[in-house]
Amino acid sequence: MSEPVLDTAQVIAALRTQPAQAVALLRKAADRQDVAAQLLLAQLYAEGRGVAADPIQAMLWYEVAANAGHPEAMNQLGRCHELGFGTPCNLELAALWFRRAAAHGLDWGMYNLAHLYASGRGVAQDHTQALALYRRAAEHGHAKSMNFVARYLEQGLAGAADPHAARAWYRRSAEAGDFRGQAGFATVLADDGDIDQAEVWMRRAIAGGHAGFLRQLTPLLAAAPQPRLRALLSEVRARQSPAPPAATTAAA
């Protein structure tokens, strides 16, 4: 009789209260070739949840799960090779694993492979291939890819520019929750004179964006011809400011 498949949801719940036991169960299931357990174990090593963070172990378990056919593990293994996480950086191997993940229909694999084609890292630069991959991922509902489709169409990076189609993709990306897409859509709206909606979408982008994005957004807002968009710099700076220290009670 075959071993039962581990309930990974139960393991995740147990990590909060009994991390050692949960990881032991997970490792046992991973050793039994439970691919979902292998992927989760890799993620725990990558994040240092329930175990000490260990990039090498994370990469090795991603590799085991990827070789067993798990598309998400293929994508994560590609990221390990791309970033030099647990293994020396190897962009050609990154492209290979992103391509395998994409061939299995994984939108993140398509997106990451598109980035390599867009920048010419690990593969020959090819904007036509990049746009095709971004579009495939976007059609799977991948919000970040929608933003890149919009950017390619707006700038004509892989053919003639198509501002009307670009606007539609910016809107789809914004509505799907991508902060870069929200900023792009806000810019399009502002150029069209719809400052009210531009301000709404730019505020959403600022609220959801990470520190790197906010740094990139700062000079763009500073140069915006619309005073109401320039005024949003105060919100960007507020998000970039470190949080004040928590209040403490003096000992008696």
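Draft legend 1. Seen up close, helix H9 (residues 143-155). Helix length check: H9, at 13 residues, gives a terminal C-alpha distance of 19 Å against a target of 18 Å (1.5 Å per residue), a fit within 8%. Within the span of H9, buried status applies to Ala143, Ser145, Met146, Asn147, Phe148, Val149, Ala150, Tyr152 and Leu153. Phi turns positive one or two residues past the end of H9, at Gly156, with a value near 65°.

Draft legend 2. Main features of the nonpolar core. Core analysis: the biggest nonpolar cluster contains 51 residues, and Tyr134, Met202, Ile206, Leu217, Leu221 and Leu229 have the highest contact counts within it. In this structure, Tyr134 is in contact with Tyr111, Ala114, His115, Ala118, Ser145, Phe148, Val149 and Tyr152, ignoring residues within four places of it in sequence. Core analysis: the second largest hydrophobic core is formed by 28 residues, Leu44, Ala58, Met59 and Tyr62 among them.

Draft legend 3. Summary view of the environment of Ala132. Inspection of the secondary structure puts Ala132 in helix H8 (residues 127-139). Along the chain, Ala132 and Ala114 lie 18 residues apart, while their C-alpha atoms are 8.0 Å from each other.

Draft legend 4. Seen up close, the confidence of the model for the protein chain. The pLDDT averaged across the protein chain works out to 93; a share of 93% of its residues lies at or above 70. Contacts from residues 246-252, a stretch scored under 50 in pLDDT, to residues over four places away or in other chains number zero contacts.

Draft legend 5. Spatial organisation of helix H5 (residues 71-83). Its 13 residues place the ends of H5 18 Å apart at the C-alpha level, agreeing with the 18 Å of an ideal helix rising 1.5 Å per residue. Elements that come into contact with the buried residues of H5 comprise helix H3 (35-47), helix H4 (55-67), helix H6 (91-103) and helix H7 (107-119). In the segment just after H5, Gly84 is the residue with positive phi, at about 70°.

Draft legend 6. The packing of helix H12 (residues 195-208) against helix H13 (residues 211-222), seen in detail. Axis separation between H12 and H13 bottoms out at 10 Å; the angle between their running directions is 145°. H12 and H13 meet at a crossing whose hand is left-handed. Contact residues: Met202, Ala205 and Ile206 in H12; Phe213, Leu214, Leu217 and Leu221 in H13. Among the residues making up the contact of H12 with H13, the classes are represented as seven nonpolar, no polar and no charged.

Cut-offs and rules
- Residues numbered from 1 in each chain as written.
- Predicted model: local features only at pLDDT ≥ 70, side-chain atom pairs only at ≥ 80, totals over all residues.
- Heavy atoms only, no water.
- Helix = DSSP H or I, 4+ residues; strand = E, 2+ residues; numbered from the N terminus.
- Expected span 1.5 Å × (residues − 1).
- Buried < 20%, exposed > 50% of the residue type's maximum accessible area, 1.4 Å probe, protein only.
- Core = buried A, V, L, I, M, F, W, Y, C linked by side-chain atoms within 4.5 Å.
- Contact = heavy atoms within 4.5 Å.
- pLDDT = per-residue confidence, 0-100.
- Axes fitted to C-alpha atoms, helices over the stretch in contact; angles between N-to-C directions.
- Left-handed = near helix turned anticlockwise from the far one by under 90°.
- Nonpolar A, V, L, I, M, F, W, Y, C, P; charged D, E, K, R; others polar.

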